[in-house]
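Spelled out, the chains give:
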Amino acid sequence: MKKHQFDVVVVGAGGAGLMSALYASKTANTAVLSKLYPTRSHTGTAQGGVGAALGNDEEDHPEWHTFDTVKGSDYLGDQDAIEFMCFEAVQAVYELEHYGLPFSRTAEGKIAQRPFGGHTNNVTGKPVRRACYAADRTGHMILQTLYQQCIKNNVKFFDEFQVVDLLVVNGAAAGVVAIELLTGEIHVFHAKSVVFATGGHGRVWDITSNAYAYTGDGIAITMRKGVPMEDMEFFQFHPTGIYKLGILITEGVRGEGGVLINGLGERFMENYAPKVKDLASRDVISRAMYLEMQAGRGINGQRYLYLDVRPEVVNKYAALDGRKNLDGSPYIVTGEQILSKLPDIVDFARTYLGVDPVTQPMPVQPTAHYTMGGIPTNKFAEVVIDDQNTVMPGLYAAGEVACVSVHGANRLGTNSLLDLIVFGKFAGLRAAEYANGADFQPLPADPSEYARAQFDAIRSAQGSENILQVASTMKNTMTDLVGMFRTGEGMTRALATIQELRERHKHIPLTDQGKIFNTEMINIWELGNLLHIAEVVTASALERTESRGGHARDDYPKRDDVNWLKHTLAWVQEDGSIRLGYKPVVITKYQPKERVY
Amino acid sequence: MEVKVKVFRFDPEKDKKPHYETYKIESEPTDRVLDMLEFIKGTFDGTLSFRRSCAHGICGSDGMRINGRNYLACKALLKDLHSRSITVEPLMGMRVIKDLIVDMEPFFDNYRKVLPYFINEEPAPPQERLQSPEQRERFDDTTKCILCACCTTSCPSFWANDQYVGPAAIVSAHRFIFDSRDQAGAERLRILNDQFGVYRCHTIFNCTIACPREIEITQAIGEVKRAIATGNLE
């Protein structure tokens, strides 16, 4: 066992982790631990843009961004945190530009912005250009830029280190335990501050846009150490995943004028969101797609619809909508413009669908995309562990793993990249500030005991279960019963199945008994995290007897503000059972009202 | 259809020498080589080791040699390989750690040599630094790089001498050299004007063919050579 000591340890090297490391390393001795090389992180797959009311093309205000986000959250987001994020957004985006991020540009040389779902001019209700973009690889450019700046600033990286446990001593963070993949060796990182920035857990579901690495490690690790998980029933299904594969097709396609078409050739979103149509919020569109397909209006009656960005189709509907360019002329696009604004999308469609989106529509279906819930934090990324928002000293979380909550029941597009940079930054600042004023907690006598016990159990598992079968049963169960539409009866069944799978998981024999790059052992551990999270998601969802944002129930189809305008907290208790509690939503300026797009 | 997948295997804790294993599996034309490897690992042999993450050509984890050419395994579809025999090997010119996993450290060392980060020490304006769409377009192609190493490990000059910084590092340098906002272009050109810099490129185009992001790498290297010769950074 090797021991290390740092003021701040950041777990995860995506957008939030790198931003946090950049800031923490300015004043504190900081290390970043990541199970992947940093540039492999899932932030890199984000496409469409990062939201900030720069107003480069047209009038916009952080207040409008705030209201849109509150409304998008179906009023479950905490309004103080949302306001903070939307006002910090402008400076944060300029800061990325100053770090060298190659944003696409307007004719005047400013950062280019495009419309995105749920982002509106609050006076007219029409879509507003708020998503700051770099072609359709904004996340890639954020990840690369932040990694580059970390290299410039000599940030210390431990690449391909799988963090497997959080050390808590005297109620405060004391460090983490990690496995070095190259050697299989256990390392203990003694730290004053620990920042979790490990992303989400979309791999719980079958059709997903999420990377293999998205196994909810940070959530699983911290909840096993008594940290409650907030709003785990809220998970986003993005409307446009590539049929069968789930690979994301950015909402930016619809921002550029693309439309969703059903099997009758109709632009059906007119019937569900008359004002903004294909640029309604994601939960609204995904549900509309589901209902269209249920009614037999999928393409050829199948479980997919078309996303159509052929210039003639875009131009036809833009004319019907009266969409104008900034100079007042009618909005007209050409095939070349589609190619230049959406090169990666064109590439994905050609590679995986054999379809050229400039001349053919793309078959799409909703895809599991984003974890709204997670480790509860306040707006400074400090982890809070009860309904009184008591801060756990030395523990921070930022990005998709965290629940601030700025996304509430449904996240708006472009707000995830924004979340990373704003809360990543504050996590880094606060973690360093705390470390500079605090002493190290003593390490436990045997700091890697719990981590070793978990892996000893995996190494010595007896039985004939198969990892792929256990995983696919989980994914299918969660997709069918705890997916886009849910019922009490279905979720009760799902809970029983998941609990059974958690038992079966203990009987997957480990073939690879080696030390070096034992990916089989790590994969089994990751599947254990997913199963544990699936259980918490289902238990939280079962209890919430209403429909709100990403949580839609056939048996309780209405939002119920009287009983459910509150955040769920789920604790994994010592005996393994799950205890649920609640805390109020912070409401400042915007009283909940009906959500119409 | 039945596909024969022949995979390079090496377990440093057991094997003295590498060997190949062949697996017969049922596959669809739209299956990715990554899907096949996942299936083999989950069904026949859990010890098979490889890196992967996003599975759609963006994260750059699963660069490997497939039927003699570098691909990302998640972007190589069976139908595009035009064969029912698939041979999968680790990237060439790198030390094999285990099976398809190679030591990436020397690759990232070379990357770090070219100052692969934005440098402009003047105080930043309150808003964005302005850049015209044309200035932005100048280096657009090289911003796509995902550091998968498919280019560098397909380059015969790199195979001959791994001190050569390689195409990926030059692509990263190009991205900043031609960025109108950056101020360290001359310094990067000095670094690349070295016996292990751009002149090791003999315009073989393997890198361009291998690039899963379709970056015109040989052209980018040519532009860097020209900038060294002329001092012109536009």
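Residues numbered from 1 in each chain as written. Chains lettered and ligands numbered in written order. Predicted model: local features only at pLDDT ≥ 70, side-chain atom pairs only at ≥ 80, totals over all residues.

Regarding the overall build of chain A
And then number 1: Along the backbone of chain A there are 17 helices and 20 strands.
And then number 2: Relative to the compact-globule value of 25 Å for 597 residues, chain A shows a C-alpha radius of gyration of 23 Å, a close match.
And then number 3: Projecting the C-alpha coordinates of chain A onto the three principal axes gives extents of approximately 70 × 50 × 50 Å.
And then number 4: Per-residue burial for chain A yields a buried fraction of 63% across its 597 residues.
And then number 5: Put simply, 75% of the contacts in chain A that link residues at least 6 apart link residues at least 24 apart. (Helix = DSSP H or I, 4+ residues; strand = E, 2+ residues; numbered from the N terminus. Rg over C-alpha atoms; globule rule 2.2 N^0.38 Å. Buried ≥ 20, exposed ≤ 12 C-beta atoms within 10 Å, placed from the backbone. Contact = placed C-beta atoms within 7 Å.)

Observations concerning the overall build of chain B
And then number 1: When helices and strands are tallied, chain B shows 9 helices and 7 strands.
And then number 2: A burial count over chain B gives 51% of its 234 residues as buried.
And then number 3: When contacts within chain B are restricted to residue pairs at least 6 apart in sequence, long-range pairs at least 24 apart make up 65% of them.

Describing the domain arrangement of chain A
By a widespread convention, an interface's size corresponds to the accessible area lost as its parts come together.
All names here are of chain A.
And then number 1: Segmenting chain A into domains produces domain 1 (1–234 + 372–438 + 568–597), domain 2 (241–366) and domain 3 (449–560).
And then number 2: Each of domain 1 and domain 2 has a C-alpha centre, and these two points are 29 Å apart.
And then number 3: Contacts between the two partners involve 27 residues from domain 1 and, on the opposite side, 25 residues from domain 2.
And then number 4: Within the residue set of the side of domain 1 that touches domain 2, elements represented by two or more residues are β4 (113–120) and β5 (127–132).
And then number 5: Among the elements that line the side of domain 1 that touches domain 2, the one with the most residues is β4, at 6 residues.
And then number 6: A breakdown of the residues in the side of domain 1 that touches domain 2 according to their chemical character gives 9 nonpolar, 13 polar and 5 charged. (Domains from an automatic or database assignment. Nonpolar A, V, L, I, M, F, W, Y, C, P; charged D, E, K, R; others polar.)

Focus: the packing of helix α15 (residues 488–505) of chain A against helix α16 (residues 519–543) of chain A
Residues and elements named next belong to chain A.
And then number 1: Relative orientation of the contacting elements α15 and α16 amounts to 155°, with a least axis distance of 9 Å. Judged by the inter-axis angle, α15 sits roughly antiparallel to α16. Regarding α15 and α16, the two cross each other, and that crossing is left-handed. Here α15 contributes Gly-488, Met-491, Thr-492, Ala-494, Leu-495, Ile-498, Gln-499, Leu-501, Arg-502 and His-505 to the contact with α16, which in turn contributes Leu-527, Gly-528, Leu-531, Ala-534, Glu-535, Thr-538, Ala-539, Ala-541 and Leu-542.
And then number 2: A per-class count over the contact of α15 with α16 returns 11 nonpolar, 6 polar and 2 charged. (Axes fitted to C-alpha atoms, helices over the stretch in contact; angles between N-to-C directions. Parallel < 35°, antiparallel > 145°, perpendicular 65-115°, else oblique. Left-handed = near helix turned anticlockwise from the far one by under 90°.)

What about the pairing of strand β9 (residues 186–196) of chain A?
Sheet faces and side chains relate simply in a regular strand, where the side chains alternate between the two faces.
All names here are of chain A.
And then number 1: Among the 11 residues in β9, 8 count as buried, and that is most of the element.
And then number 2: As paired elements, strand β1 (residues 2–11) and β9 share 9 bridges and run parallel to each other. Directly across from Val-9, in β9, lies its bridge partner Val-194.
And then number 3: Pairing analysis gives 5 bridges linking strand β8 (residues 172–180) to β9, with the strands arranged antiparallel. By the bridge assignment, Val-176 is partnered in β9 with Phe-189.
And then number 4: The hairpin formed by β8 and β9 contains 5 residues between the paired strands, and Gly-184 there has a positive phi angle of roughly 80°.
And then number 5: Direction of pairing for β9 relative to strand β17 (residues 391–397): parallel, over a ladder of 3 bridges. Considered in β17, the bridge of Val-195 is made with Tyr-396. (Pairing = 2+ DSSP bridges.)

Regarding the sheet that holds strand β11 (residues 235–242) of chain A
Residues and elements named next belong to chain A.
And then number 1: Sheet architecture is open: 4 strands sit in the order β11-β14-β13-β12, paired in antiparallel fashion. Among the strands making up the open sheet, the edge pair consists of β11 and β12 (259–261). Within this sheet the neighbouring strands show an average axis-to-axis angle of 45°, counted without direction.
And then number 2: As paired strands, β12 and strand β13 (residues 305–308) are joined by 3 bridges and run antiparallel to one another. When the bridges of β13 are listed, Leu-260 appears paired with Leu-307.

A closer look at the interface of chain B and chain A
And then number 1: Contacts between the two partners involve 43 residues from chain B, matched on the other side by 43 residues from chain A.
And then number 2: Each residue belonging to the side of chain B that touches chain A can be placed in one class, and the counts come to 16 nonpolar, 14 polar and 13 charged.

A word on the domain arrangement of chain B
Residue and element names in this part refer to chain B.
And then number 1: By the assigned domains, chain B splits into domain 1 (2–102) and domain 2 (105–230).
And then number 2: Spacing between the C-alpha centres of domain 1 and domain 2 amounts to 29 Å.
And then number 3: At the junction of the two partners, domain 1 supplies 14 residues and domain 2 supplies 13 residues.
And then number 4: The leading source of residues in the side of domain 1 that touches domain 2 is strand β4 (residues 69–72), at 4 residues.
And then number 5: Here the side of domain 1 that touches domain 2 is composed, by residue class, of 7 nonpolar, 5 polar and 2 charged.

Things to note about the environment of Glu-105 of chain B
All names here are of chain B.
And then number 1: With respect to the helices and strands, the residue Glu-105 is situated in helix α3 (residues 105–113).
And then number 2: Taking the C-beta count within 10 Å as the criterion, Glu-105 has 12 such neighbours and is therefore assigned exposed.
And then number 3: The spatial distance from the C-alpha of Glu-105 to the C-alpha of Glu-26 is 36 Å, given a sequence separation of 79 residues.

Digging into the pairing of β8 of chain A
Residues and elements named next belong to chain A.
And then number 1: Burial within β8 is extensive, with 7 of its 9 residues counted as buried.
And then number 2: Note: strand β7 (residues 161–169) against β8, 8 bridges, orientation antiparallel. Directly across from Gln-162, in β8, lies its bridge partner Ile-179.
And then number 3: Taken together, β7 and the strand that follows it, β8, pair antiparallel across an intervening segment of 2 residues, in which Asn-170 is found at a positive phi of about 55°.

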